[in-house]
Amino acid sequence: MDAQGLHMTQNTTPPGVFKRNPPIVGEAEAIEAAKNGDAHAFSKLYALHKRRVYTLCLRMLGNVSEAEDMTQEAFLHLFRKIGSFRGESAFSTWLHRLTVNLVLMHLRKKGLNLVSLEETINPSEEDAPKRDFGSRDLQLTGSVDRVALERAVASLPPGYRMVFVLHDVEGFEHNEIATMLDCSTGNSKSQLHKARLKLRELLRQPDQSAQPAAGIKEVAV
Amino acid sequence: MTPKLPDFDTMTPADFERHLPEFFASGDGRVSTDPRFQTFLKNNPLCAALVRDLETIAETAKSLLEPAYEPSDTVWSEIEKKLKKKKN
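Because the structure is predicted, anything quoted here is derived from the model rather than measured.

A.B. asks: What am I meant to see in the overall build of chain B here?
C.D. replies: A tally of helices and strands in chain B yields four helices and zero strands. Each helix (α) and strand (β) of chain B, taken in turn from the N terminus, gives the series α-α-α-α. For chain B, the C-alpha radius of gyration of 23 Å lies well beyond 12 Å, the compact-globule estimate for 88 residues. Looking at chain B as a whole, 28% of its 88 residues qualify as buried.

Shown next as structure tokens:
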């Protein structure tokens, strides 16, 4: 399957994506030059987008080595496909879709195609959020520390993490996620809800704000 | 198929919990400000607290779009190497 596939079309941009992905100064020129084979322009695009692409891969895969491999794949794929970018959506949105599809293809190749993704994205009972709906003392204080959330997301079961990253971080709609993950929109909604419940549970555990995973190079933002 | 929604004013906390993924997915994704749930949330503070927490998590998640991690320099070296190989 082509990573760009049917779901890489540019006229299905989720509302608000342009707002969340404003154009970067010099990006449009670099894209046009890269389309004409300008290697310097392509290296500029890499410099502009490497951190976001890598962070996305790392969040989806939870593994530094695989995330670096997929970052490499995403940019090599970009090099081959950049001619088809028509500028109808933000370049980063387009690049992120391409990356998400490559990561999903990679995961399917690793064995997720043996059973339907709808089943495999459901984690075990042990990983599922506890039904602590009625406990008054489980409330967060009204704010969540970004770093603590990042670490809690990293410790989510893969299925929850995938849907949470795609919806709440990347801004994809449930119908898009359902298409990408080959599951129902109801399943996507349900997984997202369980992911948020699990995060709520994790964020209340003080040791969640522990050190970042070994080997991950964190950058200031 | 979309499940049949309960009466918003008379639903139980269990009904609310069961339909919460759908409630979040409808409208603008904010249940706490949705006029349909104001009476229910006022009468069920624990449900209101849960909604606030989940909305806080979703809101904070948007800030994670900004990249937090940097790939090692070998990633670009490998890309360059492969592109050069392709050219030759």
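Once you've had a look at it, read on.
A.B. asks: Is there a simple way to think about the overall build of chain A in this case?
C.D. replies: Broken down by element type, chain A carries ten helices and zero strands. Overall, chain A shows an N-to-C arrangement of helices and strands of α-α-α-α-α-α-α-α-α-α. The proportion of buried residues among the 221 residues of chain A is 39%. A separation threshold of at least 6 residues defines the contact pool for chain A, and within that pool the share at least 24 residues apart is 75%.

A.B. asks: I keep staring at the interface of chain B and chain A and nothing clicks. Help me out?
C.D. replies: One widely used convention gives an interface's size as the accessible area the parts lose upon coming together. Each partner contributes to the interface: chain B provides 33 residues, whereas chain A provides 41 residues. When residues of the side of chain B that touches chain A are traced back to their parent elements, those giving at least two are helix 1 (13-25), helix 3 (45-62) and helix 4 (73-87) of chain B. Residue classes in the side of chain B that touches chain A are distributed as 22 nonpolar, four polar and seven charged.

A.B. asks: What exactly am I supposed to notice about the confidence of the model for chain A here?
C.D. replies: Reading fine detail from the predicted coordinates is not recommended where pLDDT is low. Residues and elements named next belong to chain A. In the predicted model, chain A carries a mean pLDDT of 78, and 69% of its residues have values of at least 70. Confidence, expressed as mean pLDDT per element, reaches its minimum in chain A at helix 6 (residues 117-120) with 47 and its maximum at helix 4 (residues 64-81) with 96. With pLDDT under 50 throughout, residues 113-120 is counted as low confidence; its partners more than four residues away or in other chains account for twelve contacts. Within the model, pLDDT remains below 50 along residues 134-138, and this stretch shows four contacts once partners closer than five positions in the same chain are excluded.

A.B. asks: Sorry, what's going on with the packing of helix 10 (residues 185-203) of chain A against helix 3 of chain B here?
C.D. replies: The packing of two helices is summarised by the inter-axis angle and the distance between the axes. For the pair helix 10 of chain A and helix 3 of chain B, interaxial distance at closest approach is 10 Å and the crossing angle is 95 degrees. Here helix 10 of chain A is positioned roughly perpendicular relative to helix 3 of chain B, judged by the angle of their axes. Contact residues: Arg196(A), Leu199(A) and Arg200(A) in helix 10 of chain A; Asp53(B), Leu54(B), Ile57(B) and Ala58(B) in helix 3 of chain B. Here the contact of helix 10 of chain A with helix 3 of chain B is built from residues that sort into four nonpolar, no polar and three charged.

A.B. asks: Got a minute to help me understand the packing of helix 10 of chain A against helix 1 of chain B in this structure?
C.D. replies: At their nearest, the axes of helix 10 of chain A and helix 1 of chain B sit 9 Å apart, and the two run at 105 degrees to each other. If you check the angle between helix 10 of chain A and helix 1 of chain B, you find them roughly perpendicular. Seen from helix 10 of chain A, the contacting residues are Lys189(A), Ser190(A), Leu192(A) and His193(A); seen from helix 1 of chain B, they are Leu20(B), Pro21(B), Glu22(B), Phe24(B) and Ala25(B).

A.B. asks: Sorry if this is basic, but what is going on with helix 7 (residues 146-154) of chain A here?
C.D. replies: Because an α-helix packs 3.6 residues into every turn, residues spaced three or four apart end up facing the same way. Residues Leu149(A), Glu150(A), Ala152(A) and Val153(A) constitute the buried set of helix 7 of chain A. Each buried residue of helix 7 of chain A sits inside an arc of 165 degrees when the element is viewed along its axis, so together they form one side. Of the surrounding elements, those touching the buried residues of helix 7 of chain A are helix 3 (39-61), helix 8 (158-169) and helix 10 of chain A together with helix 3 of chain B.

A.B. asks: How should the nonpolar core be read in this particular structure?
C.D. replies: Generally speaking, nonpolar side chains in soluble globular proteins are found buried as a group. Residues and elements named next belong to chain A. Counting 71 residues, the largest nonpolar core has Cys57, Val103, Leu149, Val163, Phe164 and Leu199 as its most contacted members. Both domains that meet at this core, namely domain 1 (6-112) and domain 2 (117-209), each give it at least three residues. Non-local contacts of Val103, meaning those with residues more than four positions away in its chain, are made with Cys57, Met60, Leu61 and Met70.

A.B. asks: Honestly, helix 3 of chain A in this entry has me stumped. Any pointers?
C.D. replies: Residues and elements named next belong to chain A. Given a rise of 1.5 Å per residue, 23 residues ought to cover 33 Å, yet the end C-alpha atoms of helix 3 are separated by just 29 Å, more than 12% below that figure. Considering bend angle alone, the principal kink of helix 3 is centred on His49 and spans about 55 degrees. Phi turns positive, to about 70 degrees, at Gly62, one or two residues after helix 3.

A.B. asks: Explain unusual backbone geometry to me, please; I cannot follow it from the model alone.
C.D. replies: The bulk of non-glycine residues show a negative phi, and the bulk of peptide bonds are trans. Residue and element names in this part refer to chain A. Phi is positive for Asp182, close to 60 degrees, though the residue is something other than glycine. Turning to its location among the elements, Asp182 is positioned in the loop between helix 9 (174-181) and helix 10. In this structure Asp182 comes out as partly exposed when scored by C-beta crowding, with 15 C-beta atoms within 10 Å.

Basis of the calculations
Residues numbered from 1 in each chain as written. Chains lettered and ligands numbered in written order. Predicted model: local features only at pLDDT ≥ 70, side-chain atom pairs only at ≥ 80, totals over all residues. Helix = DSSP H or I, 4+ residues; strand = E, 2+ residues; numbered from the N terminus. Rg over C-alpha atoms; globule rule 2.2 N^0.38 Å. Buried ≥ 20, exposed ≤ 12 C-beta atoms within 10 Å, placed from the backbone. Contact = placed C-beta atoms within 7 Å. Nonpolar A, V, L, I, M, F, W, Y, C, P; charged D, E, K, R; others polar. pLDDT = per-residue confidence, 0-100. Axes fitted to C-alpha atoms, helices over the stretch in contact; angles between N-to-C directions. Parallel < 35°, antiparallel > 145°, perpendicular 65-115°, else oblique. Arc of directions from axis to C-beta. Core = buried A, V, L, I, M, F, W, Y, C linked by C-beta atoms within 7 Å. Domains from an automatic or database assignment. Expected span 1.5 Å × (residues − 1). Bend = angle between axes of the 7 residues up to and from the residue.

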